[in-house]
Amino acid sequence: MRLLIVEDEKRLALSLARGLTAEGYAVDVVHDGLEGLHRASEGDYDLVVLDIMLPGMNGYRVCAALRAAGHDVPILMLTAKDGEYDEAEGLDTGADDYLTKPFSYVVLVARVKALLRRRGRVGGSPVHVLGDLTVDTAAHRVLRGEEEVPLTAKEFAVLEQLLLRSGEVVSKSEILEHVWDFAYDGDPNIVEVYVSALRRKLGASRIRTVRGAGYRLEGGR
């Protein structure tokens, strides 16, 4: 999943980005409301963490502009303010959830995961079965038969992108876009490294290579 953080407190923004990256998300960070609106409008994000008090354009206006343009990306608003009026205003502009600073990082991660599940990008249930493989996207847990398969955060993120479109071809660029952040300028063949690791752990025939197109996750052993 690819997330955008729009937060002008740079230390907080970078701390959130490091934590969410460790959770397996691809995270981009901007510190200005106008840049946040541009990036959210142009990028294919799965969720936006949006501060209210921003230079250039405040979070209320960014949120309202995205909704007016038809963007339905989940938005979690952050603010140092506290009060029913501020919360109502944020939700009225189209935000999906609201978190008041200071907040627990654990609570923020839980809210992010809840919003992503609510959006239903992987279907109604977080548990998915493909042949002898069981994937719980909520718990980040994978079973092969009765045996748990340990995956790194990045390995799970690649698997999740393939799971989102199980049976379909997912291109290398699509995986890069959602698993690695906007600033990644390394070798795009890194995707092949992680796919190879998943094949070793899940079964060689589980992920098929479609020459010139990408990869397809299948239910076979």
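Summarised in this report is the structure supplied together with it. All residue numbers refer to position in the chain's written sequence, counted from 1. Local features are withheld for residues below a pLDDT of 70 in this predicted model, meaning they are given only at 70 or higher, and side-chain atom pairs are given and counted only at 80 or more; totals for whole chains, interfaces and linings count all residues. Each side-chain value is derived from all of the structure's non-hydrogen atoms; neither hydrogens nor water enter the calculation.

1. With respect to the pattern of salt bridges
Each reported salt bridge corresponds to a side-chain nitrogen of Lys or Arg within 4 Å of a carboxyl oxygen of Asp or Glu. With the rule as written, the count across this model stands at 15 salt bridges. Measuring nitrogen to oxygen at the nearest pair gives 3.9 Å for the salt bridge that ties Asp132 to Arg144. Of this pair, Asp132 sits in the loop between strand S6 (127–130) and strand S7 (133–136) while Arg144 sits in strand S8 (residues 141–144), placing them twelve residues apart in sequence. On the accessibility criterion, Arg144 (33% relative accessible area) is partly exposed. A single salt-bridge network, built from bridges that share partners, covers Glu7, Glu9, Asp51 and Lys101. Secondary structure elements follow DSSP: runs of H or I no shorter than four residues count as helices, runs of E no shorter than two count as strands, and numbering proceeds from the N terminus. Buried means the residue's accessible area, taken with a 1.4 Å probe over protein chains only, is under 20% of the maximum for its type, while exposed means over 50%, and partly exposed covers the values in between.

2. Points about the packing of helix H6 (residues 153–164) against helix H7 (residues 172–179)
An axis is simply a line fitted to the C-alpha atoms; with a helix, the fit covers only the stretch in contact. Between two such axes, the angle follows the N-to-C directions and lies from 0 to 180 degrees. H7 packs onto H6 with a crossing angle of 125 degrees between their chain directions and a minimal axis gap of 10 Å. Between H6 and H7, the angle is such that the two are oblique. Of the two elements, H6 crosses H7, and the hand of that crossing is right-handed. Residues Lys154, Ala157, Val158, Gln161 and Leu162 of H6 touch H7, and the partners they reach there are Ile175, His178 and Val179. An angle below 35 degrees is treated as roughly parallel, one above 145 as roughly antiparallel, one from 65 to 115 as roughly perpendicular, and anything else as oblique. Handedness of a crossing follows from how the near helix is turned relative to the far one, being left-handed for an anticlockwise turn of less than a right angle and right-handed for a clockwise one. Every residue pair with non-hydrogen atoms within 4.5 Å of one another is taken to be in contact.

3. A word on the sheet that holds strand S12 (residues 214–217)
Between any two strands, pairing holds if DSSP finds at least two bridges. Here three strands make up an open sheet; going across it, the order is S10-S12-S11 and the pairing antiparallel. Every interior strand has two partners, whereas the edge strands, strand S10 (169–170) and strand S11 (207–210), have only one. As paired elements, S11 and S12 share four bridges and run antiparallel to each other. Bridging across to S12, Thr209 finds its partner in Tyr215.

4. Considering helix H8 (residues 190–202)
An ideal rise of 1.5 Å per residue puts 18 Å on 13 residues; H8 measures up with 18 Å between its terminal C-alpha atoms. Looking only at H8, the buried set comprises Val191, Val195, Ala197, Leu198 and Leu202. Across the axial projection of H8, the buried residues extend over an arc of 160 degrees, all falling on one side. Opposite the buried face of H8, at more than 90 degrees from it, the exposed residues are Val193 and Arg200. Positive phi appears at Gly203, one or two residues downstream of H8, with a value of about 120 degrees. One fewer than the residue count of a helix, multiplied by 1.5 Å, yields its expected span. The arc in question is formed by the directions pointing from the helix axis toward the C-beta atoms.

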